[in-house]
Amino acid sequence: MMEDIVSLCKRRGFIFPGSEIYGGLANSWDYGPLGAQMKMNIKNDWWKTFVASRADMVGLDSAILMNPKVWEASGHVETFNDPLVEDKVTHKRYRADSLIQDAIGQNVDGKSLEELANLIAQHNIKSPDGNELTPPVQYSGMFKMKLGSGNEEDKIIYLRPETAQAIFVNFKNVTESMRKKLPFGIGQIGKAFRNEITPGNFIFRTLEFEQMEIEYFVEQDQWETHFTHWLEQMEAWANSIGVDANKLHRLEVSKDGLAHYSKRTVDLEFDFPFGTKELWGLAYRTDFDLNNHQEYSKQKMTYTDPDDNARKIIPHVIEPSMGVDRTLLAMLVSAFHQETLDDGDTRIVMKFKPNMAPFHVAILPLMKKSGMPEKAEEILSDLQKSFRCEYDDSGSIGKRYRRHDEIGTPFCITIDFDTVEKGTVTIRDRDTMKQESVDINNLQDYLTQKIT
Ligand code: ATP
């Protein structure tokens, strides 16, 4: 199934291999016209749901490059590492923890390098090609860059591995400018970069990706209620954008597997064709980050209780963290259907939620004559004001329907003789393939009702 999806994405303009004309760049992908639109749909819907339509949320759009002290305070410089081993023959690199976990079926997160080396020796674990492995070494997941003209001492800066830290760094600015009362949250969408040892599985794990993150600030004794609230909100949103609820599961991360900042984490896992893996994460980050930034920056990160000015606290934090690219992949997997039709033919159809599809409507003049193109263009310019439309007049109508099934367009509007003579169009439903005749004057209402 994964191969079918990857090939459809290339063929139909969703996702292309990165830098393809130069032989590509391993595990980099470029979003084509339809993929770019779907990413935009995901981000817009997220922003609308979690930021714009909630009185307890505000947004942020921070710089990718930050003062390197941020990453010392956050603990990333010291702990954002993965244990790396190398195949002594092929020199291919692997994450030691994943190899060990696959071999002995035990989660080894949090184990030291020495303990991992012992497990490899004890269980005689080899590389996937059957060769000896080097001892594990720590490998930083952060991309380092040099800043400077060359005259002064070059300064090391990092590409951010998450968007979250910028939210903490701006906590004071936001609370002072927005006068929000606890509980409240800050949401942000942006690129993150990780020097992953084993990127792969299409857009599931890449070196460069986009995150949609929320830091939700609460009173310490309220964290459990908010944690539950956000878990439910994340699941509800998954459902609303067309992530198959039957493939989505909660995984309570064990104490050993928790990240250095977390007291509780639930991963929302999804059944991808290559295995059940993390789609999104929800973490209780305590007051770890704000406390550390207060200590490192020497700036107060306290919040003053508006009902009691003498009460100054460092709020605790719930963090719903979601990747845009993984979300798109889960939507592609959920939408992909291969159907056998009554005549024995097969069709591939992407059953996206209508509002998430690249196009809402395809406008298809049956012929390039008899006044049909003129009528079709009139309808196009009218509908374009409210819907994402594509005008398509090439090939037989059957071929055009198939193409729009493959890109998930929920409604195809055919302009034919009846349109010119009687003012009606034929609307074909993507999922049922049923056709209906609708008066042009009722088109707008018809589509508004169906597209949610
Ligand atoms: P994993 O265990 O898969 O490496 P993680 O636990 O390190 O993920 P988080 O740090 O919780 O991931 O990041 C939040 C979200 O960002 C993830 O749930 C995922 O949706 C997305 N994400 C993380 N790493 C990548 C990546 N390399 N490529 C694409 N998306 C990613």
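*Asks:* Sorry if this is basic, but what is going on with the overall build of the protein here?
*Replies:* Looking only at helices and strands, one finds 15 helices and 23 strands in the protein. Evaluated residue by residue, the protein yields a buried proportion of 48% over its 452 residues. Only carbon and sulfur atoms are counted for the fraction: they give 47% of the accessible area of the protein, which is about 21,900 Å². If you average the places of the 54 positive and of the 70 negative side-chain charges in the protein, the two averages end up 2 Å apart.

*Asks:* Would you take a moment to explain unusual backbone geometry for this structure?
*Replies:* A negative phi holds for most residues other than glycine; trans holds for most peptide bonds. Backbone torsion omega between Leu-182 and Pro-183 reads -5°, so that peptide bond is classified as cis. With respect to the helices and strands, the residue Pro-183 is situated in the loop between α8 (171–178) and β9 (184–193). In this structure, His-91 takes a positive phi of about 65° despite not being glycine. By the element assignment, His-91 lies in the loop between β4 (81–86) and β5 (93–95). Residues other than glycine seldom take positive phi values, yet Lys-298 does so here, at roughly 60°. Turning to its location among the elements, Lys-298 is positioned in the loop between α10 (288–297) and β14 (303–304). The exposure class of Lys-298 is exposed, given its relative accessible area of 69%.

*Asks:* Would you mind showing me how to read the sheet that holds strand β6 (residues 137–140) here?
*Replies:* In a beta sheet, neighbouring strands pair by backbone hydrogen bonds and run either parallel or antiparallel. Here we have 3 strands laid out as an open sheet, ordered β5-β4-β6, and antiparallel in their pairing. Unpaired on one side and paired on the other, β5 and β6 mark the two borders of the sheet. Recorded for the sheet is a direction-independent mean angle of 50° between the axes of neighbouring strands. Pairing analysis gives 4 bridges linking β4 to β6, with the strands arranged antiparallel. Residue pairing across strands places Asp-82 opposite Tyr-139, the latter belonging to β6. Packing of helix α5 (residues 96–104) onto the sheet brings it into contact with β4 and β5, and relative to β5 it is tilted by some 70°.

*Asks:* Which parts of the structure should I look at to understand the packing of helix α12 (residues 372–383) against helix α15 (residues 443–450)?
*Replies:* The N-to-C vectors of α12 and α15 enclose an angle of 50°; their axes lie 11 Å apart at closest approach. The orientation of α12 with respect to α15, classified from their angle, is oblique. Two packed elements cross with a definite hand, and for α12 against α15 that hand is right-handed. Across the interface between the two elements, Ile-379, Asp-382 and Leu-383 from α12 touch Leu-443, Gln-444 and Leu-447 from α15. Here the contact of α12 with α15 is composed, by residue class, of 4 nonpolar, 1 polar and 1 charged.

What counts as what
Per chain, residue numbering runs from 1 following the sequence as it is written. At least 70 in pLDDT is required for a residue's local features to be given in this predicted model, at least 80 for side-chain atom pairs to be given and counted, and no such filter applies to totals for whole chains, interfaces and linings, which use all residues. Where side-chain values are given, they derive from all heavy atoms of the structure, hydrogens and water being excluded. Only DSSP runs of H or I covering at least 4 residues are called helices, and only runs of E covering at least 2 are called strands; the numbering of each starts at the N terminus. The buried label applies to any residue whose accessible area, calculated with a 1.4 Å probe on protein chains only, is under 20% of its type's maximum; exposed applies above 50%, and partly exposed to all values in between. Accessible surface area values rest on a Shrake-Rupley calculation with a 1.4 Å probe, where residue burial reflects the displayed protein chains alone. In summary, the charge assignment counts Lys and Arg as positive and Asp and Glu as negative, without counting His or the chain termini. Think of each charge as sitting on NZ of Lys, CZ of Arg, CG of Asp or CD of Glu. Should DSSP find at least two bridges between two strands, the strands are taken to pair. Structural elements are reduced to axes, namely lines fitted to C-alpha atoms, with helices fitted over the stretch in contact, and the angle between N-to-C directions of any two is expressed from 0 to 180 degrees. Residues count as neighbours in contact if any of their non-hydrogen atoms are within 4.5 Å of one another. Orientation is classified from the angle alone, with under 35 degrees giving roughly parallel, over 145 giving roughly antiparallel, 65 to 115 giving roughly perpendicular, and any other angle giving oblique. Crossing chirality is assigned from the near helix's rotation relative to the far helix, an anticlockwise turn below a right angle marking it left-handed and a clockwise turn marking it right-handed. Under the scheme applied here, ten amino acids are nonpolar (Ala, Val, Leu, Ile, Met, Phe, Trp, Tyr, Cys and Pro), four are charged (Asp, Glu, Lys and Arg), and all others, including Gly, are polar.

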